[in-house]
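# Overview (structure and organization)
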Amino acid sequence: MRTEFLKKNWTLQPESFQSLLEWLDEGKSSDGERYLEIRRRLVLFFDRKNCLNPDELADETLNRVARRITEEEKIETESAARYCFIVAKYIFLESLRAKDKNSVPLEEVIEQKPFEDKTEEKIILEKRLDCLETCAGKLEAANRELIFGYYYGEERIKTNNRRELAKKFELSTNALTIRACRIREKLQDCVKKCVEKD
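Fair warning: this is a prediction, and the values are worked out from it, not measured in the lab.

### Let's talk about the layout of surface pockets
When its volume is computed, the second largest pocket comes out at roughly 390 Å³. In terms of lining residues, the second largest pocket is bounded by 16 residues, among which Asp47, Arg48, Lys158, Thr159 and Arg162 are the most central. Taken together, the elements giving at least two residues each to the lining of the second largest pocket come down to α3 (33-48), α9 (155-168) and α10 (173-196). Considering every element that reaches the lining of the second largest pocket, the biggest residue donor is α9, with 5 residues. Broken down by class, the residue content of the lining of the second largest pocket amounts to 3 nonpolar, 6 polar and 7 charged.

Here's what the structure looks like:
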């Protein structure tokens with residue numbers, strides 16, 4: 001009964017956060033450095049999975065771990081980081097199930113080509129492409145270059161592009177990822193609103 005109540009009404013409190021920091025440090029105080037490192041790695045994990053809000057999912061992962069520590073007082077595991085990534089995998093699966101049915105990943109919209117025969121589905125895809133073009137046009141030139149460069153190519157090409165973009169914009173890879181995620185989120189929101197207008 002207590003566990004169910006905690007799950008539905010639980011919010012991260014300062015004492016729970018402190019317990020999380022101590023647990024992540026595994027007995028050696030890092031003054032929060034260990035927390036920041038694991039959070040950074042979680043953001044990268046969710047970004048590699050092409051999640052819309054990697055920062056929010058990383059925070060949700062750490063909140064779930066903190067909640068478990070609060071509920072059970074301690075978690076038996078060989079490695080705090082490993083346990084966080086196990087939780088992250090579940091958060092990722094939940095995020096897939098919770099995706100808005102009208103939401104379409106930016107990469108899919110970019111890759112769409114205009115069609116000749118006008119089935120309803122193809123008309124919607126063309127509308128999304130038009131909306132993407134309109135929304136991209138509203139971005140500052142630097143942000144437009146960054147977002148399309150960030151998602152261009154596959155695997156190794158994409159990785160190399162991102163390295164080059166980080167150099168060009170004088171950003172660390174982590175800062176580039178965060179900036180790209182913010183631009184992507186705005187662009188996807190704009191495309192979604194544009195598509196829903198009609």
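### Notes on the pattern of salt bridges
Evaluated as defined, the whole model comprises 10 salt bridges. A salt bridge links Glu37 to Arg40; the shortest N-O distance between them is 3.0 Å. Of this pair, Glu37 and Arg40 both sit in helix α3, 3 residues apart, which is roughly one turn of the helix. By relative accessible area, which is 31% here, Glu37 ends up partly exposed.

### Thoughts on a nonpolar patch on the surface
A cluster of nonpolar residues, Ile86, Tyr90, Leu93 and Leu96, forms a patch on the protein surface that exposes about 370 Å² of accessible area. Residue placement: Tyr90 occurs in helix α5 (residues 80-98). Take Tyr90: its relative accessible area is 55%, and that puts it in the exposed class.

### Details of the packing of α3 against α5
Interaxial distance between α3 and α5 falls to 11 Å at its minimum, and their mutual angle equals 35 degrees. Where α3 crosses over α5, the two elements pack in a sense that is right-handed. In this structure, α3 contributes Arg34, Ile38, Arg41, Leu42, Phe45 and Phe46 to the contact, and α5 contributes Ala81, Cys84, Phe85, Ala88, Lys89, Ile91 and Phe92. Tallied by class, the residues present in the contact of α3 with α5 amount to 10 nonpolar, no polar and 3 charged.

### Some details on the side chain of Asn143
Secondary-structure assignment places Asn143 in helix α8 (residues 141-150). Residue Asn143 is classed as buried on the basis of its relative accessible area, which comes to 17%. Aside from chain neighbours lying at most four places away, what touches Asn143 is Arg179 and Ile183.

### Thoughts on the packing of aromatic side chains
Under the criterion given, the structure shown has 4 aromatic pairs. With centroids separated by 5.8 Å and ring planes inclined at 80 degrees, the aromatic side chains of Trp23 and Tyr83 adopt a geometry described as edge-to-face. With Trp23 in helix α2 (residues 14-25) and Tyr83 in helix α5, this residue pair connects regions lying 60 residues apart in the sequence. Ring centres 5.1 Å apart and planes at 70 degrees place the aromatic pair Phe45 and Phe46 in the edge-to-face group.

### With respect to the environment of Val65
The residue Val65 is located in helix α4 (residues 54-72) in this model. Note on Val65: relative accessible area 1%, which makes it buried. Residues Val65 and Ile75, 10 residues apart in the sequence, show an inter-C-alpha distance of 9.0 Å. Val65 has contacts with Leu20, Trp23, Ile75, Tyr83, Cys84 and Val87, leaving out every residue within four places of it along the chain.

What counts and how
- In this convention, every chain numbers its residues from 1, walking through the sequence in written order.
- Restriction of local features to residues with pLDDT of at least 70 applies here, the model being predicted, together with a cutoff of 80 or more for giving and counting side-chain atom pairs; totals for whole chains, interfaces and linings are based on all residues.
- Only hydrogens and water are removed before side-chain values are computed, so all heavy atoms of the structure are retained for them.
- Points on a 1 Å grid, built from protein atoms alone, make a cavity when a 1.4 Å probe fits but cannot get out and make a pocket when they are open with protein on both sides within 12 Å along at least 5 of 7 lines; residues with an atom within 4 Å of a point are the lining residues.
- Grid points are joined across faces, edges and corners, and a volume is the space filled by probe spheres set on the points.
- Helix numbering and strand numbering both begin at the N terminus, where a helix is a DSSP run of H or I of at least 4 residues and a strand a DSSP run of E of at least 2.
- Just so you know the grouping, Ala, Val, Leu, Ile, Met, Phe, Trp, Tyr, Cys and Pro go in nonpolar, Asp, Glu, Lys and Arg go in charged, and all remaining residues, Gly too, go in polar.
- By salt bridge we mean one thing: a side-chain nitrogen of Lys or Arg within 4 Å of a carboxyl oxygen of Asp or Glu.
- Only protein chains enter the calculation, and the probe is 1.4 Å; a residue is then buried if its accessible area is under 20% of its type maximum, exposed if over 50%, and partly exposed in between.
- The patches reported here contain residues having more than 30% relative accessible area and no salt bridge. Joining distances are 9 Å for like charges and 5 Å for nonpolar side chains (Val, Leu, Ile, Met, Phe, Trp, Tyr).
- Values of accessible area rely on a 1.4 Å probe in the Shrake-Rupley scheme; residue burial ignores everything except the protein chains shown.
- Only the stretch in contact is used when a helix axis is fitted, and all axes are lines through C-alpha atoms; the angle between N-to-C directions ranges over 0 to 180 degrees.
- Should the near helix be turned anticlockwise from the far one by less than a right angle, the crossing is termed left-handed; should it be turned clockwise, right-handed.
- In what follows, residue pairs with any heavy atoms lying within 4.5 Å of each other are defined as contacts.
- Between rings of Phe, Tyr and Trp, where Trp is taken as its six-membered ring, a pair exists when centres lie within 6.5 Å; planes separated by under 30 degrees are stacked, by over 60 edge-to-face, and by other angles tilted.

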